[in-house]
Amino acid sequence: MTVYFIGAGPGAADLITVRGQRIIARAQVCLYAGSLVPTELLDACPPGARLIDTADLTLDEIIAAMVEAHADGHDVARLCSGDPAVFSAVAEQTRRLDAAGVPCEIVPGVPAFSAAAATLRRELTVPTVGQTVILTRTQARSTPMPPGEELTELARSRATIVLHLAVARTRDLAAQLVEHYGAQCPVAVVANASRPDEVVLRGTLSDIADQVEAAGVRRTAVIIVGAVLAADSFPDSYLYSPGRDRAAKRPADQEG
């Protein structure tokens, strides 16, 4: 058997890959976080599948359920909100499964920041405005940030920053970013991206905290900070420029 870590997307049930959906449809055991993963995805599970809500389980209990399924010869669909590549706790789970001799694979999904950008109808990499995106979080009641990854250090780059798991501290974070981005830097907060109860707030570092508090947004949100959110005067990408020699051979990794 195999444990499949499946990116279940940001919230909308149809924002899942075909591969992920097919695995769910055949897995005899499905582990999911009830507070984050759309329950509609569970409708695709085969009849008689064992469904385990991990919202109140410890890591040891989650791993024990996977190991038990392995012993029974059952495939496991482990649904992760967003994409398993970021803030999914997949690293600690695969480490334990490797030690237990349980095979596992990862199936990518749509991350929350991508769904938020789609809602905002904004590209996060705009020519001459911003070509770097930093995905990060902040430390509160959580694992400490590695040295050099404090928000004040990352802000020195003035790159587009996407903050996960941080909306409850919006006022403090905005104050930290003002020094490098300026009080009028555009900010957007998207809560429950792609879901029916999605909330979108647009503002600047000077007023976004007031909006967040007024809207009562406390969780399941991403904060996007950067000039790309308001960019409207920028050159077209060289990739599509009429001046580019399309007959010339280009290195495989040159995107324009």
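That block above? That's the structure.
What comes next concerns the included structure. Bear in mind that the values here come from a model prediction, so they are computed numbers and not experimental data.

Some thoughts on the sheet that holds strand β2 (residues 29–32)
Thinking step 1. With parallel pairing, 5 strands are arranged side by side in an open sheet as β3-β2-β4-β1-β5. Only two strands of the sheet have a single partner each, and these edge strands are β3 (50–53) and β5 (104–107). Between one strand axis and the next, the sheet turns by 20 degrees as a mean value, whatever way the strands run.
Thinking step 2. In the sheet, strand β1 (residues 3–7) pairs with β5 via 4 bridges, with the strands oriented parallel. What sits directly across from Ile-6, in β5, is Val-107.
Thinking step 3. Each of β1, β4 (76–80) and β5 is contacted by helix α1 (residues 18–26), which is oriented at about 135 degrees to β1, the strand it contacts most.

Focus on the sheet that holds strand β6 (residues 133–136)
Thinking step 1. Judged by pairing direction, the sheet is mixed, and its 5 strands sit side by side in the order β6-β7-β10-β8-β9 without closing on themselves. Since the sheet does not close on itself, it has two edges, and those belong to β6 and β9 (199–204), each with one partner. Direction aside, the axes of adjacent strands within the sheet are offset by 15 degrees on average.
Thinking step 2. The pairing of strand β8 (residues 186–191) with β9 spans 6 bridges and is antiparallel. Bridge assignment links Val-190 to a residue of β9, and that residue is Val-200.
Thinking step 3. This element, helix α4 (residues 112–120), spans β6, β7 (160–164), β8, β9 and β10 (221–225) of the sheet and lies at about 65 degrees to β10.

Structural notes on the pattern of salt bridges
Proximity of charged atoms lets side chains of opposite charge pair with each other.
Thinking step 1. Using the criterion set out here, one finds 6 salt bridges in the structure.
Thinking step 2. Ionic pairing is found between Glu-68 and Arg-50, a salt bridge with its closest N-O pair at 3.6 Å. Taken together, the residues span a long stretch of sequence, with Glu-68 in helix α2 (residues 59–71) and Arg-50 in strand β3 at a distance of 18 residues.
Thinking step 3. On the basis of relative accessible area, Arg-50 is assigned to the partly exposed category, the value being 40%.
Thinking step 4. The salt bridge partner of Glu-213 is Arg-171, with a shortest N-O separation of 3.0 Å. With Glu-213 in helix α7 (residues 208–215) and Arg-171 in helix α6 (residues 170–181), this residue pair connects regions lying 42 residues apart in the sequence.
Thinking step 5. If you follow the salt bridges from partner to partner, you end up with Arg-171, Asp-210 and Glu-213 in one network.

Rules behind the numbers
- Residues numbered from 1 in each chain as written.
- Predicted model: local features only at pLDDT ≥ 70, side-chain atom pairs only at ≥ 80, totals over all residues.
- Heavy atoms only, no water.
- Pairing = 2+ DSSP bridges.
- Helix = DSSP H or I, 4+ residues; strand = E, 2+ residues; numbered from the N terminus.
- Axes fitted to C-alpha atoms, helices over the stretch in contact; angles between N-to-C directions.
- Contact = heavy atoms within 4.5 Å.
- Salt bridge = Lys/Arg side-chain N within 4 Å of Asp/Glu carboxyl O.
- Buried < 20%, exposed > 50% of the residue type's maximum accessible area, 1.4 Å probe, protein only.

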